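Here is how the chains run, residue by residue.
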Amino acid sequence: MTAALEMRNITKEFPGVKALNDVSIVVKKGEVHALCGENGAGKSTLMKVLSGLYPSGTYDGQILINGEEKHFHTIKEAEEAGISIIYQELALAKDLSVGENLFLGKEPARFGIINWEHVYKESEKWLKEVGLNVSPEQVTGILGIGKQQQVEIAKALSKNASILILDEPTAALTEQEVDILLGILREFKNRGVTCIYISHKLNEVFEIADSITILRDGRTVGTYPAAEITENRVISLMVGRELTERFPRIDVSPGEVVMKVKDYTVMNPDVPGKKVIDNVSFEVRKGEILGIAGLMGAGRTELVMSLFGSYEGQSRGTVEIDDKPVKIKNTEQAIKAGLALVSEDRKKFGLVLGMDIKSNVTMASLKAVSSGGVINHNQEITSGNEYIRSLKIKANSVETITGTLSGGNQQKVVLGKWLMTTPKILILDEPTRGIDVGAKFEIYNIMNELIQRGVAVIMISSELPELLGMSHRIMVISEGRKTAEFTAEQATQELIMTAATGGKEK
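Residues numbered from 1 in each chain as written. Predicted model: local features only at pLDDT ≥ 70, side-chain atom pairs only at ≥ 80, totals over all residues. Heavy atoms only, no water.

Draft legend 1. Looking closely at the packing of helix 5 (residues 145-158) against helix 6 (residues 175-190). Packing of helix 5 against helix 6 leaves a shortest axis separation of 10 Å and a crossing angle of 15 degrees. By the criterion of interaxial angle, the relationship of helix 5 to helix 6 is roughly parallel. The handedness of the crossing between helix 5 and helix 6 comes out as right-handed. Contacts between helix 5 and helix 6 involve Gly146, Gln149, Gln150, Ile153 and Leu157 from the first element and Glu177, Ile180, Leu181, Ile184 and Phe188 from the second. Looking at the contact of helix 5 with helix 6 residue by residue, the classes come out as six nonpolar, three polar and one charged. (Axes fitted to C-alpha atoms, helices over the stretch in contact; angles between N-to-C directions. Helix = DSSP H or I, 4+ residues; strand = E, 2+ residues; numbered from the N terminus. Parallel < 35°, antiparallel > 145°, perpendicular 65-115°, else oblique. Left-handed = near helix turned anticlockwise from the far one by under 90°. Contact = heavy atoms within 4.5 Å. Nonpolar A, V, L, I, M, F, W, Y, C, P; charged D, E, K, R; others polar.)

Now the structure itself:
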């Protein structure tokens, strides 16, 4: 059978770097083909070559669709050949209606007048194809991320896509939305649509993929039937070494209580009288990792942001650090009290992407690198280099622009920024979201080094294996209330999910 797609000996160079080096991949018709590799392995670059973003002539090698060689000079040419790509950051016009988004750039018009009746009638058909029950006249920005992604898929299908590429499609989705997406892909597979699926979440890869191609350092490592390879083998091929443990939790003897939160309630700033956190109490000790579990929307992020003084909703209750009551109303007070918060959205809240590494690292500790209100640039460079070395940040220099780094290295820069404040309590909200397995392992080792120094770590994670693998205790929150707390020995996925869906406190 002729393959739906062949990419032969693709080489793509940028100034000073060979992003793809003789990469080949064969994708069969009607299969879900996963593309795995660490950040920087070349996955997205390869798909940008395929989708016409990097036009023919800017790379070496061949692209064959159904056995016929193609030369795409534009994205539109690739789309006309049946190729459609959906990026992690959705490309929708949020202020336009769903129907307008589906037909953007290909509006049915006569004498310059758009046939809106046709737009909305056809949109209903494509929305039905992806199981999305919304009006095509609905404003797109009002929809949740999961439904917006379904709109993107409907838009791709409306262009008669026969090869659908999804790049990290579940990074911002709830578990329920992930299930819906995987169900849609299974249905497409039954209809003969070919899907290329890029994801760091190997459990999803093994749930949906027929074949897996692994890239490392811009080269093809190999292609394997998903049924004939294990997650651990995929990881070792991705990183080029065996990872004996995916979650290197260390045994600890926690010290004294460093933070105690009692009867803590947080109000929703947008809905008068509504609580996002309701009478929650917990404590965290020096030298331990306290995991916080819960479904999306349970109030986990609101809890830690409020404790850090960066949430607008009013709070009440008591917070003690080192047995002393504290009232934290802003980030500056939080830092003085010994708190640090690595937020879940590093690009929005953690970094200034247009600034270099040294400026981001020293941002929360300017007094340490300045005198008389003037920044000492030599000291700033020294501090930046210190964290590049200690956190193993892959960059040419401290003056590398942070936005050019991979996700894992960006996350290390955020960590460096907060470690420079020498916190007593480090709060990590989704610390490994959107980063590859090798970078995850390095983040886990950094956490271990911190607790060995006596730092208390609070970790929010939506990945239960990560919580179970790294936490010494796990607190579960459901609809703003604490519903359970387990030691590492007690905790199981079933117990956590029962508590997260409304079980009683234990």
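Resuming the write-up.
Draft legend 2. Quick look at the sheet that holds strand 23 (residues 473-478). With respect to topology, six strands assemble into an open sheet ordered 18-21-22-15-23-24, the strand pairing being mixed. The open sheet terminates on both sides in strands that have one partner only, identified here as strand 18 (339-342) and strand 24 (481-487). Along the sheet, successive strands turn relative to each other by an average axial angle of 20 degrees, direction set aside. Pairing analysis gives four bridges linking strand 15 (residues 289-293) to strand 23, with the strands arranged parallel. Along strand 23, the bridge assignment pairs Ile292 with Met475. Lying on the sheet, helix 9 (residues 300-307) is in contact with strand 15, strand 18, strand 21 (425-429), strand 22 (456-460) and strand 23; it crosses strand 15 at an angle near 135 degrees. The strands that helix 14 (residues 407-419) touches are strand 18 and strand 21; relative to strand 18, the one it contacts most, it runs at about 170 degrees. (Pairing = 2+ DSSP bridges.)

Draft legend 3. Focus on helix 17 (residues 493-500). For helix 17, every residue scored as buried is listed here: Ile496, Ala499 and Ala500. Seen end-on, helix 17 carries its buried residues on one side only, within an arc spanning 100 degrees. Where helix 17 is buried, its residues contact strand 15, helix 16 (464-470), strand 23 and strand 24. (Buried < 20%, exposed > 50% of the residue type's maximum accessible area, 1.4 Å probe, protein only. Arc of directions from axis to C-beta.)

Draft legend 4. Region of the structure containing helix 13 (residues 377-390). With 14 residues, helix 13 ought to run about 20 Å at 1.5 Å a step, and its terminal C-alpha atoms sit 20 Å apart, in line with that. The set of residues buried in helix 13 consists of Glu380, Ser383, Gly384, Tyr387 and Ile388. Buried residues of helix 13, seen end-on, are gathered within an arc of 140 degrees and therefore sit on one face of the element. Opposite the buried face of helix 13, by more than 90 degrees, sit the exposed residues Asn378 and Arg389. The elements touched by buried residues of helix 13 are helix 12 (357-362), strand 20 (374-375) and helix 14. One side-chain oxygen of the residue at the start of helix 13 lies 3.1 Å from the amide nitrogen of Asn378, identifying that residue as Asn376. (Expected span 1.5 Å × (residues − 1). Polar contact = N/O pair within 3.5 Å; in protein donor to acceptor, adjacent residues only side chain to side chain.)

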